[in-house]
Amino acid sequence: MAENSIVEGDTQLLRLEENKDVVSLRKCQLVVVEGSSKGRKLDLKDKRVTVGKKEDNDLMVEDRAVSRTHYEIVPSEDSFVLRDLESTNGTFINETKVREAYLAPGDIIRIGNSRIEFLAFDEKVQVEPSESTTFGRLLGRSRRMRQIFGLLERISPTSATVIIEGETGVGKEVVAQSIHDNSDRADKPFIVFDCSAVADNLIESELFGHMKGSFTGALATRKGAFEAANGGTIFLDEIGELSMDLQPKLLRALEQRQVKKVGSNDTVNIDVRVLCATNRNLRKEVADGNFREDLYYRLSVVKLYIPPLRERPDDIELLIERFLTEGHFNKNSDGTLRVNRVEDDALKMLTRYQWPGNVRELANVMERVVPLVPGDSIKGQDLAYVFQEIEREEDEVTEKLPEIDLGLPFKEAKQKIVETFERDYLASLLRRNNYNISKTAREAGIDRKHIRNLLKKYGILGDNP
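Within every chain, residues take consecutive numbers counted from 1 along the sequence as written. A pLDDT threshold of at least 70 governs which residues receive local features in this predicted model, and a stricter bar of 80 or more applies before side-chain atom pairs are shown or counted, although totals over entire chains, interfaces and linings include all residues. Hydrogens and waters are ignored; side-chain quantities use all the structure's heavy atoms.

### Some points on helix H14 (residues 448-457)
Part 1 of the reasoning: Every buried residue belonging to H14 is among Ile451, Leu454 and Leu455, and all of these are buried. Each buried residue of H14 lies within a common arc of 100° when the element is viewed along its axis, so the set occupies one face.
Part 2 of the reasoning: Just downstream of H14 lies Gly459, where phi reads positive at about 65°. Between buried and exposed lies partly exposed: a residue is buried under 20% and exposed over 50% of the maximum accessible area for its type, with that area taken using a 1.4 Å probe on protein chains only. Strands here are runs of E lasting at least two residues and helices are runs of H or I lasting at least four, both read from the DSSP assignment and numbered beginning at the N terminus. The directions from the helix axis to the C-beta atoms form the arc being described.

### Some details on the sheet that holds strand S5 (residues 71-75)
Part 1 of the reasoning: What the 5 strands build is an open sheet, ordered S4-S3-S5-S6-S9; its pairing is mixed. The sheet is open, and its two edges are formed by strand S4 (59-60) and strand S9 (100-102), each paired on a single side.
Part 2 of the reasoning: Bridge count between strand S3 (residues 49-52) and S4: 2 bridges; the pairing is parallel. Looking across to S4, one finds that Gly52 is bridged to Met60. By this definition, two strands are paired if DSSP reports at least two bridges between them.

### What about a negative patch on the surface?
Part 1 of the reasoning: On the surface, Glu317, Glu321, Asp344 and Asp345 cluster together into a patch of negative charge.
Part 2 of the reasoning: Asp344 gets classed as exposed once you look at its relative accessible area, which sits at 58%. Like charges are joined within 9 Å and nonpolar side chains (Val, Leu, Ile, Met, Phe, Trp, Tyr) within 5 Å, but only among residues with over 30% relative accessible area and no salt bridge; these make up the patches. For accessible areas, the Shrake-Rupley method is used with a probe of radius 1.4 Å. Any residue's cover is judged against the shown protein chains and nothing else. Definition used for salt bridges: Asp or Glu carboxyl oxygen within 4 Å of a side-chain nitrogen of Lys or Arg. Lys and Arg are tallied as positive, Asp and Glu as negative. Neither His nor the chain termini are counted. Taken as the charge location is NZ of Lys, CZ of Arg, CG of Asp or CD of Glu.

### Points about the nonpolar core
Part 1 of the reasoning: Nonpolar cores are built from buried Ala, Val, Leu, Ile, Met, Phe, Trp, Tyr and Cys residues. Side-chain atoms within 4.5 Å join them into one set. Leu207, Phe226, Leu236, Ile239, Val274 and Leu299 are the most contacted members of the largest nonpolar core, which has 29 residues in total.
Part 2 of the reasoning: Where this core is concerned, the elements lending two or more residues are helix H3 (200-208), helix H4 (225-228), strand S16 (233-237), helix H5 (247-256), strand S19 (273-278), helix H6 (282-287) and helix H7 (293-299).
Part 3 of the reasoning: Ranked by residues supplied to this core, first place goes to H5 with 4 residues.
Part 4 of the reasoning: Counting 27 residues, the second largest nonpolar core, distinct from the first, contains Leu324, Val342, Leu350 and Val373.

### Section: the layout of surface pockets
Part 1 of the reasoning: In this structure, the second largest pocket occupies an estimated 550 Å³ of space.
Part 2 of the reasoning: In terms of lining residues, the second largest pocket is bounded by 24 residues, among which Ala197, Val198, Ala199, Leu202 and Asn453 are the most central.
Part 3 of the reasoning: Listed by contribution, the elements that provide at least two residues to the lining of the second largest pocket are strand S15 (190-194), H3 and H14.
Part 4 of the reasoning: Residue type decides the class: Asp, Glu, Lys and Arg count as charged, Ala, Val, Leu, Ile, Met, Phe, Trp, Tyr, Cys and Pro as nonpolar, and the leftover types, Gly among them, as polar. Of the residues contributing to the lining of the second largest pocket, the split by class is 11 nonpolar, 7 polar and 6 charged. Two kinds of site are reported from a 1 Å grid over the protein atoms alone, namely cavities, where a 1.4 Å probe fits but cannot get out, and pockets, open sets with protein on both sides within 12 Å along at least five of seven lines, and residues are called lining when an atom falls within 4 Å of a point. Grid points are joined across faces, edges and corners, and a volume is the space filled by probe spheres set on the points.

### As for the pairing of S5
The two faces of a sheet get side chains in turn, since along a regular strand they alternate between them.
Part 1 of the reasoning: Extensive coverage of S5 is indicated by the burial of 4 of its 5 residues.
Part 2 of the reasoning: Across 3 bridges, S3 lies against S5 in antiparallel orientation. Across the sheet, the residue bridging to Thr50 is Glu72, located in S5.
Part 3 of the reasoning: Pairing of S5 with strand S6 (residues 80-84) involves 5 bridges; the strand directions are antiparallel.

And the structure:
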């Protein structure tokens, strides 16, 4: 990979392919699709370019109705901006006259009698693995994880927007935190916002803030997550859950680097780096009409895919060592470790297990098995008991599933099942964590505030704080 292929402001997409030692680098290009210069192309990188009929332009368009230097295109943090340079006949994007505008894939720029298309496409390039087995709080010796580390070492110091894809439990928030910690914003706020853990009618207020009295319950003016992250990084978890109604508002915030509180006519300037995560395939969501293509384009300057734990068994031993060394559950009263070794038969069981819950599940298994170990090492028989318990719990959950009421409309029947699951799941998890809400929230992977709201909704809290 060329040294200058990943730089601040570049609109390039890098994706670790699931079974290959390559990434896809998104390149942006101008292509003349109509006019006397049809077929001419210009790659857009990290510098200003000009378009016009003069020969010294980066893209020369032979058209008498085009000005000598008609417009310029300059890179922004996560896109490209077109600016008309006081041309005689104007610049049109999709037949709308503009003086300045952000470009999106598929835009047709008309100048004079010529039309130019703005394209974005993927180009596969080799990624060299890092020599390190760590990056921030991330850990792994597998080639695929070291490829990710090599990429993170290069993009973290930039302001590139990043989408982190992967299954639940692979550590997407840890990736985001590690990027922030290795950037020049490390001493500024790192704000986590879970798009799936806030009611739809409150997300706009939580993201952008609200004014006192702007809605029922707005007892005071309040900053949103973007303002709280000003100068630092905002991590939008489960971005794929964001409603279609709110997506254009997020897009405007990214384009203008401004937010407007609910109930206010004034805007607030923000300087934030945006990192996102999802367990969905956003490209497919765009194709299915569930996610705006222009927002996806703005967010996917860099796209990382974190492979599930079952596809990188080489990392399991390192992760176990960390959990046993750092986990509070493995400490004696004097601070020494209760368990300091994993026997070969136990390690084989751990590497062969499929880990549907990924790294989060591995941590949970370690926490459950340590109290059962009679000595200082984990044996296969200790793990066998834990895995049997997990299987039994899963069977109990299956048995508790309510019967489907075919007399109800689909939406109501579905909601009834979801509510029954939420109530039983949270009640069991809360009991297992001795009614510690913070610990329950961490284990469930849900924001603590949302957990409390759900517990109140189902009357589970009772007299427990």
